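# Structure at a glance
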Amino acid sequence: MSTSNVRNIDSLAAMQAGILRLSDDWSKTIQELRAMVQRAEQYFSQTQPQYWRHQLQLAEREINEAKDDLARKRASLRPEDRPAASEAVARVQRAERRLRYCEDKRRQLRSWAIEVSKVCDDLRGPLADLNEHCDTMLPQAARELGTLIDQLRAYAEQTRQNDP
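Residues numbered from 1 in each chain as written. Predicted model: local features only at pLDDT ≥ 70, side-chain atom pairs only at ≥ 80, totals over all residues. Heavy atoms only, no water.

The name that an unreviewed UniProt entry assigns to the chain is Chromosome partition protein Smc, with the source organism given as Novipirellula rosea.

Scanning the chain for helices and strands turns up two helices and zero strands. Taken against the 2.2 N^0.38 rule, which gives 15 Å for 164 residues, the C-alpha radius of gyration of the chain at 35 Å runs more than 25% over that of a compact globule. Considering the chain as a whole, with its 164 residues, one finds that 23% of them fall into the buried category. When contacts within the chain are restricted to residue pairs at least 6 apart in sequence, those whose partners lie at least 24 apart make up 82%. Carbon and sulfur atoms make up 52% of the accessible area of the chain, which totals about 12,100 Å². (Helix = DSSP H or I, 4+ residues; strand = E, 2+ residues; numbered from the N terminus. Rg over C-alpha atoms; globule rule 2.2 N^0.38 Å. Buried < 20%, exposed > 50% of the residue type's maximum accessible area, 1.4 Å probe, protein only. Contact = heavy atoms within 4.5 Å. Areas by Shrake-Rupley, 256 points an atom, 1.4 Å probe, with all protein chains shown as cover.)

A separate point is the side chain of Glu41. By secondary structure assignment, the location of Glu41 is in helix H1 (residues 9-74). Within the structure, Glu41 has its side chain in polar contact with the side chain of Ser117 (distance 3.1 Å). Beyond its immediate chain neighbours, meaning those up to four positions away, Glu41 contacts Val116, Ser117, Cys120, Asp121 and Arg124. (Polar contact = N/O pair within 3.5 Å; in protein donor to acceptor, adjacent residues only side chain to side chain.)

Attention shifts here to the packing of H1 against helix H2 (residues 86-162). Here H1 crosses H2 at 170°, and the two axes come no closer than 7 Å. When the axis of H1 is compared with that of H2, the two are roughly antiparallel. Among the residues making up the contact of H1 with H2, the classes are represented as 44 nonpolar, ten polar and 21 charged. (Axes fitted to C-alpha atoms, helices over the stretch in contact; angles between N-to-C directions. Parallel < 35°, antiparallel > 145°, perpendicular 65-115°, else oblique. Nonpolar A, V, L, I, M, F, W, Y, C, P; charged D, E, K, R; others polar.)

Before going further, it helps to examine the pattern of salt bridges. Charged atoms that come close allow side chains of opposite charge to pair. In the structure shown here, the tally under the stated rule is eleven salt bridges. A salt bridge links Asp69 to Arg91, with the nearest nitrogen and oxygen atoms 3.9 Å apart. With a gap of 22 residues between them, Asp69 in helix H1 and Arg91 in helix H2 connect regions that are remote in the sequence. Here Asp69 falls in the buried class, since its relative accessible area comes to 18%. Taking the relative accessible area as the measure of exposure, Arg91 reaches 23% and is therefore partly exposed. The network of salt bridges with shared partners includes Glu62, Glu65, Asp69, Arg72 and Arg91. (Salt bridge = Lys/Arg side-chain N within 4 Å of Asp/Glu carboxyl O.)

The next thing to look at is a nonpolar patch on the surface. A cluster of nonpolar residues, Leu22, Trp26 and Leu130, forms a patch on the protein surface that exposes about 250 Å² of accessible area. Take Leu130: it is sitting in helix H2. With relative accessibility at 38%, the residue Leu130 sits in the partly exposed group. (Patch = residues over 30% accessible without salt bridge, like charges linked within 9 Å, V, L, I, M, F, W, Y side chains within 5 Å.)

Turning next to H1. Helical periodicity: at 3.6 residues per turn, an α-helix aligns residues three or four positions apart in one direction. Here H1 is 66 residues long and its end C-alpha atoms lie 94 Å apart, about the 98 Å a rise of 1.5 Å per residue gives. At Tyr43, H1 is deflected by roughly 45°, the largest bend along its length. Between the side-chain oxygen at the start of H1 and the backbone nitrogen of Asp10 there is a gap of 2.9 Å, and the oxygen is on Asn8. (Expected span 1.5 Å × (residues − 1). Bend = angle between axes of the 7 residues up to and from the residue.)

Put into structure tokens, the structure is as follows:
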């Protein structure tokens, strides 16, 4: 006959409750992580491209306005009537730099979006595995522990009744 060295069945019951709390806590954390992954992917695949597309439109508008202003200043019939165009030339140069900057950001963003999407996809697999543990395996372990606790309590009661 095998013997048991269980000294406190209540500690096993506390462990069972702890396993169920752990499962619930982890499940909530996994949901938060999934939401963070989704937000990160959305930020790089939608929010940032939309932002830089808008910035590029603004930069194109600014360069067109700057070039039109410069052309107006240079369009005077007589050279002595022409106002100084150095500010207009500088404005065109700034607008061109801004346009190049926005185009560079859009190009960089495409590669970043691909990389972030790959990393997010790589995270989803382990998160799904952890979620399975929380939803299935930990509750199953808690149920099995509950069955063992019930058997130990029945055994302890039987032992108390047999002892005079």
